[in-house]
Amino acid sequence: MTHSNIIVEKTPDAASAAAARLCKEIVTEAVHQRGLCHLALAGGTTPRITYMHLADHVTTDQVPWSKVEVFFGDERDVPQDDVESNYAMAQRTLLDHMPIDWSRVHAMRADAGDLDAASWEYERIIRDIVGNDSKHIPQFDMIMLGLGGDGHAASLFPNCPSLEEAHRLVVSCHIPILGRNRMTFTFPLINAARNVLFLITGDDKAAVVKRVFQDHDQSLPAARISPPHGTINIVLDAAAARLL
Ligand code: 6PG
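A short tour of the structure in this document, coming up. (Residues numbered from 1 in each chain as written. Predicted model: local features only at pLDDT ≥ 70, side-chain atom pairs only at ≥ 80, totals over all residues. Heavy atoms only, no water.)

### Thoughts on the site of the ligand
Working step 1: In the region of the ligand, 14 residues are neighbours, and Thr45, Thr46, His152, Ala154 and Lys205 sit closest.
Working step 2: Contact between the ligand and Asn86: an oxygen atom at 2.9 Å from a side-chain N or O atom of the residue.
Working step 3: Here the ligand has 420 Å² of accessible area as a free molecule, and 87% of this is covered by the chains.
Working step 4: Classifying every residue of the shell around the ligand gives two nonpolar, eight polar and four charged. (Near = heavy atom within 4 Å. Polar contact = N/O pair within 3.5 Å; in protein donor to acceptor, adjacent residues only side chain to side chain. Areas by Shrake-Rupley, 256 points an atom, 1.4 Å probe, with all protein chains shown as cover. Nonpolar A, V, L, I, M, F, W, Y, C, P; charged D, E, K, R; others polar.)

### Some words on the sheet that holds strand β6 (residues 170-175)
Working step 1: Here we have three strands laid out as an open sheet, ordered β4-β7-β6, and antiparallel in their pairing. Of all the strands in the sheet, the pair left with one neighbour each is β4 (74-76) and β6. Within this sheet the neighbouring strands show an average axis-to-axis angle of 20 degrees, counted without direction.
Working step 2: By the bridge criterion, three bridges tie β4 to strand β7 (residues 180-185) in an arrangement that is antiparallel. Across the sheet, the residue bridging to Asp74 is Thr184, located in β7. (Pairing = 2+ DSSP bridges. Helix = DSSP H or I, 4+ residues; strand = E, 2+ residues; numbered from the N terminus. Axes fitted to C-alpha atoms, helices over the stretch in contact; angles between N-to-C directions.)

As structure tokens, then:
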């Protein structure tokens, strides 16, 4: 049974700060319970303010960041130093400002020549670090996600074959609407998580937020994210929550 936790804050900054607080709680709890935290960061633009909030308080927080294994839920087919790279965005806004153990930061090589091989390699890294129990899918402590206007999350876009992947943890896919390739976590991996954290802000997301989280419109990829043994945390600003 998926537990849901919806947090609505007045402004994008307040929602981002709330997401940062929730992230710190989950990281601290995971390290306290299991000695490590397995975290997957979201891409796009929305998480930037949350990452800056996390980076702002690193000297005052008692968060065991050096015990966090950092992964990425999806990546664009660009070099790691490209302005479009999710890794570059997270490095600029968060990782460069944290007492992180860089050997525990695992970038997706979505700019590799053979994206399928790179996807298998990333899956191997996840199984090596997060867990390789053949009976269970590796369980992240938290997977952070945004929500696209078309209902995509990570790089699970509508009408893509990756939506039907039932076994692999990471796949590459061509996204026709973008004319680009992506690498992404799959539903099996996302839905195995202890915590999923959606951060969604802006009036332009209000309609898709309603369709995903209130109507549960299964034609939208994000509506298929529902970790049966975890919690789905949805952090919104008032504008994105306007139609709920
Ligand atoms: C990406 C993200 C993607 C993002 C949504 C929302 O690589 O773009 O993983 O899933 O979260 O597209 O993007 P914004 O936060 O920019 O609205």
